[in-house]
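Coordinate inspection notes
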Amino acid sequence: LNLNQHSNPLAPGQLDSHYSPKKRMHLLNDEEISDEIKHNPNVVYLRFKENLSFHNVLGKQWILSPNGDFKEAAANLFHYLRELDRSQADFIIAQPAPNFGLGLAINDRLYRASKKI
């Protein structure tokens, strides 16, 4: 049984679209983000942790946890998604968390947020 496809889920989090903001959102690693996207003034970034080499977009970044703490990132995730959805940006680029431990749950929610049904 795939809970994401269940027609009568036990909890809203089991729905594919439960975490989707109204704005378009893409889940990309840093190396997948082109210079054209970085310089687009209509893009805002939701990042797992601070990355000083990503300086081109300072001011357009929302950091889930500056030090990369999984619990802090998970606690900030939904609040930040709602805030970014209210921002002036046209779309959101989200950086996945490291894909282990609590990072798996964070990435699941980011994936669902980026998926449009």
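Up top you'll find the structure we're talking about.
Turning our eyes to something else, we now look at helix α2 (residues 70–85). For α2, spanning 16 residues, the distance from its first C-alpha to its last is 22 Å, which sits close to the expected 22 Å at 1.5 Å a residue. The sharpest bend along α2 comes to roughly 40°, located at L77. F70, A73, N76, L77, Y80, L81, L84 and D85 are the residues of α2 that are buried. Buried residues along α2 sit against β1 (24–27), β2 (43–47), β3 (61–63), β4 (91–94) and α3 (102–114). Capping the start of α2, D69 holds a side-chain oxygen 3.2 Å from the backbone nitrogen of K71, two or three residues further along.

What follows covers the packing of aromatic side chains. Two descriptors summarise a pair of aromatic rings, namely the distance from one centre to the other and the angle between the planes of the rings. Applying the stated criterion across every chain, the model contains three aromatic pairs. Their ring planes at 75° and their centres at 5.4 Å tell us that W62 and Y80 sit as a pair that is edge-to-face. Taken together, the positions of W62 in strand β3 and Y80 in helix α2 put the pair 18 residues apart, joining distant regions of the chain. For W62, a relative accessible area of 28% corresponds to the partly exposed category. An aromatic cluster of at least three residues, connected via ring pairs, comprises F48, F70 and F100.

Spatial strand order, β1-β4-β2-β3: four strands in an open sheet with parallel pairing. Since the sheet does not close on itself, it has two edges, and those belong to β1 and β3, each with one partner. Taking the axes of each pair of neighbouring strands and ignoring which way they run, one obtains an average angle of 20° across the sheet. The sheet contact formed by β2 and β3 spans three bridges and is parallel. Bridged to R47 within β3 is I63. In the packing of α2 onto the sheet, contacts are made with β1, β2, β3 and β4, and the angle to β2 comes to roughly 175°. Across the sheet, α3 touches β1, β2 and β4, and the angle it forms with β1 is around 140°.

Among the nonpolar cores identified, the biggest contains 18 residues, and M25, L46, L77, I106 and L110 are the most heavily contacted of them. With six residues, α2 is the single largest residue contributor to this core. Residues within four places of L46 in sequence aside, it is in contact with W62, L64, L77, Y80, L81, L84, I92, I93, A94, Q95 and L110. In this structure, L28, Y45, F91 and I93 belong to the second largest nonpolar core, which totals six residues.

Here we take up the environment of E32. Relative to the helices and strands, E32 resides in the loop between β1 and α1 (35–38). For E32, a relative accessible area of 45% gives the class partly exposed. Considered as a pair, E32 and Q95 are 63 residues apart in the sequence and their alpha carbons are 9.9 Å apart.

Reading guide: rules and limits
- Residues numbered from 1 in each chain as written.
- Predicted model: local features only at pLDDT ≥ 70, side-chain atom pairs only at ≥ 80, totals over all residues.
- Heavy atoms only, no water.
- Helix = DSSP H or I, 4+ residues; strand = E, 2+ residues; numbered from the N terminus.
- Expected span 1.5 Å × (residues − 1).
- Bend = angle between axes of the 7 residues up to and from the residue.
- Buried < 20%, exposed > 50% of the residue type's maximum accessible area, 1.4 Å probe, protein only.
- Contact = heavy atoms within 4.5 Å.
- Polar contact = N/O pair within 3.5 Å; in protein donor to acceptor, adjacent residues only side chain to side chain.
- Phe/Tyr/Trp six-rings, centres within 6.5 Å; stacked < 30°, edge-to-face > 60°.
- Pairing = 2+ DSSP bridges.
- Axes fitted to C-alpha atoms, helices over the stretch in contact; angles between N-to-C directions.
- Core = buried A, V, L, I, M, F, W, Y, C linked by side-chain atoms within 4.5 Å.

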